[in-house]
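Analysis of the macromolecular model
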Amino acid sequence: MDARVNDFVVKFANINGSGSASANGLFARSILRMGIPVAARNIFPSNIQGLPTWYEVRVTEAGWRGRRGGVDFAVAMNPQTWDKDVAEIDAGGYLFFDSTRPLPPSKFRADVTALGVPLTELCNAQYTDSRQRQLFKNIIYLGALSAFLDIDPGEIERLLAEQYRGKDALLEPNRRALALGRAHVLDRFECPLPLRVERRDRVGKRIFVDGNSAAALGAVYGGATVAAWYPITPSSSLAEGFAKWCRKLRTDAAAGKRRYAIVQAEDELASIGMVIGAAWNGARAFTATSGPGISLMQEFLGLAYFAEIPAVLFDVQRGSPSTGMPTRTQQADLVACAYASHGDTKHVLLFPEDPRECFELGALAFDVADRLQTPVFVMMDLDIGMQDWLIEPFTWDDSRRMDRGKVMSAAELEAGRDFGRYLDVDGDGIPYRTWPGTHPTRGSFFTRGTTKDRYARYTEEGTAYVDNVQRLLRKFDGARAWLPKPEVADADEPTDAGVIWFGSTGAAMAEALDELARQGVHLDRMRIRAFPFHDSVAEFVAAHRHVFVVEQNRDAQLRMLLVNECGIDPARIVSVLHYDGTPITERFITREIAEHAQLLGLGSGEGAAAGSRPPIRRAS
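Residues numbered from 1 in each chain as written. Predicted model: local features only at pLDDT ≥ 70, side-chain atom pairs only at ≥ 80, totals over all residues. Heavy atoms only, no water.

Topic: the overall build of the chain
Applied cut-off: Helix and strand assignments come from DSSP, with helices taken as H or I runs of at least 4 residues and strands as E runs of at least 2, each series counted from the N terminus. As a reference, a globule follows 2.2 Å times the number of residues to the power 0.38, and the radius of gyration itself is taken over C-alpha atoms. Partly exposed describes any residue whose relative accessible area lies between the buried limit of under 20% and the exposed limit of over 50%, with all areas from a 1.4 Å probe on protein chains only and scaled to the type maximum.
Assigned secondary structure in the chain consists of 20 helices and 24 strands. What you see for the chain is a C-alpha radius of gyration of 27 Å, in line with the 25 Å of a compact globule of 620 residues. Projecting the C-alpha coordinates of the chain onto the three principal axes gives extents of approximately 90 × 70 × 40 Å. Out of the 620 residues in the chain, the part that is buried amounts to 55%.

Here's the deal with the side chain of Asp333
What counts here: Lys and Arg are tallied as positive, Asp and Glu as negative. Neither His nor the chain termini are counted. We define a salt bridge as a side-chain nitrogen of Lys or Arg found within 4 Å of a carboxyl oxygen belonging to Asp or Glu. Residue contacts are defined here by distance: any two heavy atoms, one from each residue, within 4.5 Å place the two residues in contact.
Within the secondary structure, Asp333 is located in the loop between strand 15 (311-317) and helix 12 (334-338). Nearest to the buried, unbridged Asp333 among oppositely charged side chains is Arg318, at 7.9 Å. If we skip the residues at most four places from it in the chain, Asp333 touches Ser290, Gly291, Asp315, Gln317, Met379 and Gln557.

What about the domain arrangement of the chain?
Our working definition: Residue ranges labeled as domains rest on an automatic or database domain assignment. A simple way to read buried area is as the amount of 1.4 Å-probe accessible surface that goes missing from two parts once joined, with both sides added. For this analysis, a polar contact is any N or O atom pair within 3.5 Å, provided that within protein one partner can donate a hydrogen and the other can accept it, and provided that sequence-adjacent residues contribute only side-chain to side-chain pairs. For this scheme, ten residues count as nonpolar: Ala, Val, Leu, Ile, Met, Phe, Trp, Tyr, Cys and Pro. Four count as charged, namely Asp, Glu, Lys and Arg, and the remainder, Gly too, count as polar.
Under the domain assignment, the chain is made up of domain 1 (4-196), domain 2 (209-391), domain 3 (406-483) and domain 4 (487-618). The C-alpha centroid of domain 4 is placed 29 Å from the C-alpha centroid of domain 2. Around 2,100 Å² of area is buried between domain 2 and domain 4 when both sides are counted, 54% of it from carbon and sulfur atoms. When the buried surface of domain 2 facing domain 4 is broken down by residue, Gln331, Phe351 and Glu353 rank first, second and third, together holding 32% of it. In this assembly, domain 2 and domain 4 are joined by four salt bridges. Residues Arg527 and Glu357 are paired through a salt bridge, measuring 2.9 Å at the closest nitrogen-oxygen approach. There are 17 residue pairs in polar contact (both at pLDDT 80 or more) connecting domain 2 and domain 4. Elements with a contribution of two residues or more to the side of domain 2 that touches domain 4: helix 12, strand 16 (348-350), helix 13 (355-372) and helix 14 (382-385). Class assignment for the residues of the side of domain 2 that touches domain 4 results in 14 nonpolar, four polar and seven charged.

A word on the pattern of salt bridges
Here the structure, examined in full by the defined rule, presents 49 salt bridges. Put simply, Glu61 and Arg202 hold a salt bridge, and the shortest N to O gap is 3.1 Å. Linking Glu61 in the loop between strand 4 (52-60) and strand 5 (71-76) with Arg202 in the loop between strand 8 (195-196) and strand 9 (207-210), this pair joins segments that are 141 residues apart in sequence. Notably, a salt bridge pairs Asp555 with Arg554, separated by 2.7 Å at the nearest N-O pair. The class of Arg554 is exposed, set by a relative accessible area of 56%. One salt-bridge network, in which partners are shared between bridges, spans Arg65, Glu353, Asp354, Glu357, Glu487, Arg527 and Arg529.

So, the pairing of strand 6 (residues 89-98)
Going by this rule: Only strands joined by at least two bridges in the DSSP assignment are considered to pair. Orient the strands so they point away from the viewer; a crossover is then right-handed if the path from the first strand over the helix to the second runs clockwise.
In terms of burial, strand 6 is largely enclosed, as nine of its ten residues are buried. With five bridges connecting them, strand 5 and strand 6 associate as parallel partners. Its bridge partner lying in strand 6, Ala76 is registered against Phe97. You can see the chain leave strand 5, run along helix 2 (residues 82-87) and come back into strand 6, and the turn it takes is right-handed. With five bridges connecting them, strand 6 and strand 7 (residues 113-117) associate as parallel partners. Pairing of Phe97 across the sheet is with Gly116, part of strand 7.

Some remarks on the packing of aromatic side chains
To keep things clear, this is the line we draw: Pairing of aromatic rings covers Phe, Tyr and the six-membered ring of Trp, with a centre-to-centre limit of 6.5 Å; geometry is then stacked below 30 degrees between planes, edge-to-face above 60, and tilted otherwise. Only when the NZ atom of a Lys or the CZ atom of an Arg is both within 6 Å of the ring centre and within 35 degrees of the ring normal do we say a charge sits over the ring.
One pass over the full model with this rule turns up 21 aromatic pairs. The interplanar angle of 75 degrees and the centroid separation of 5.1 Å between the aromatic rings of Phe12 and Phe27 together place this pair among those described as edge-to-face. Highlighted residues: Phe12 in strand 2 (residues 7-15) and Phe27 in helix 1 (residues 20-33), separated in sequence by 15 residues. Taking relative accessible area as the criterion, Phe12 reaches 0% and is therefore assigned buried. On the basis of relative accessible area, Phe27 is assigned to the buried category, the value being 0%. For the pair Phe531 and Phe533, a centre-to-centre distance of 5.1 Å together with 75 degrees between the ring planes defines the contact as edge-to-face. Like Phe533, Phe531 is buried. Counting every residue linked through ring pairs, the aromatic cluster contains Phe73, Tyr94, Phe96, Phe148 and Phe189. The ring centre of Tyr432 lies 4.4 Å from the NZ or CZ of Arg417, which sits over that ring.

Here is the structure:
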């Protein structure tokens, strides 16, 4: 392999429960401390112990945040997955392994350099306790990698010191194990390899954080005071993060009181019921769940939609259907959330791209829910929620105030203002509400899940029902004004082809667009950030002969929504679908679009001539 500095992929293959996660995380963070951006992905099983787990670290001075595809340096610590892990290495790459026991030549590849270190032998010579042998073997291989890849051992030692602050009895053995692995490799191999890191200053003030933690903080800043949830992978850490932030930011130390309520309910249906009850009473409330939880919440979601009660749901999507793959990622809940519950329902969806947007849209969701008096879904996924991303620090405008929407005050009620709970006085479909107890005799004290007239009086008259549901549709259509608009950008060269995506797909998409342009495939691009779709979405599709829609599910759910909601000709849309449970890669997107482009006669100068493309109204 030619010399590659700060541009390669390392993949660790371990066994779940072996204690490797800590060492692998130290590897990624030590490179960050050297000023070199990394993109890390933990691919792990849903059982407690024994099954294969992988940790992939993209070292990328260019700052790409998605998976590239392929591996340059494999750390093969799991005999069960050996063949698969070796096959994944790019030609010219490296294979690091425990050479304590010899392996037959058939287990290796001629185009991959094998780097054997007797890790078990080294551990057995130093430690007698079986658990210590397993744990310190991970630190020994971390020391070996520091020599092979030229990672500053001082950075690893500083991270260890932070991890074991005040615990010298644990710190010193880790330092010795690190030094042991490093010394062994330096004595026996020519180091560093052509594949190595070199200190830079490319990280700056960016932070390394997961989306669940970011969304939890966004909920605090968005004014949430109530959370009700039932544990489910991969969303549990969002509720736990909210509890952590509330202990710090929502506790009145002087009065000794907590200004929040967090309830772990008996199931998902109970949790959304509690959220709706709290929100009806005026609190900003949310739940965190995943696809199976959304399935169980359907009845209460219909109530919140029809009774017009604000609620926020963070859906951290995972492999599906049914129990599916609890610790794998997908974008497969779009249709389930957009039309949640029986009958004619439509819900607002927000699509964050990374943890920074989880914070921003997580906070915004509460304003939108209050303004529209309806459930709002923040559509995350495991790749965003549970993985650490390198992002710009969070920012907040301290002058920003909560938008509680149309809430009638006691003074207005006392003055005799006409109050109809479902009366549309402004023509936008959004009625006024009151919080229970606002006035002793006027306003809203109860709510209905049954049909009603504009003054919340029970009726099954067809005209009243049609009036009500048409108003709900008018409100939904008007929601676009309150939602983030799509991000739109032109290709470097004129083209009559475009691409649409949403959510975490954007990480790999950015690099794929760069590579496709080098191959002569130029695409205008649009990242969708919310549903209902902005008018510019249909305009974008209409302005192009072919539009690729890239998403991470089997059934092309975004394409379904585009066709159903925007009246788009399905023939214009070319689906690019990835749904094996792992985060989508740049190589996958590039290969799929390049193959389709060749069949469609796109690229290599065969796109539209300059000036032939219809104008597109750009969303600001």
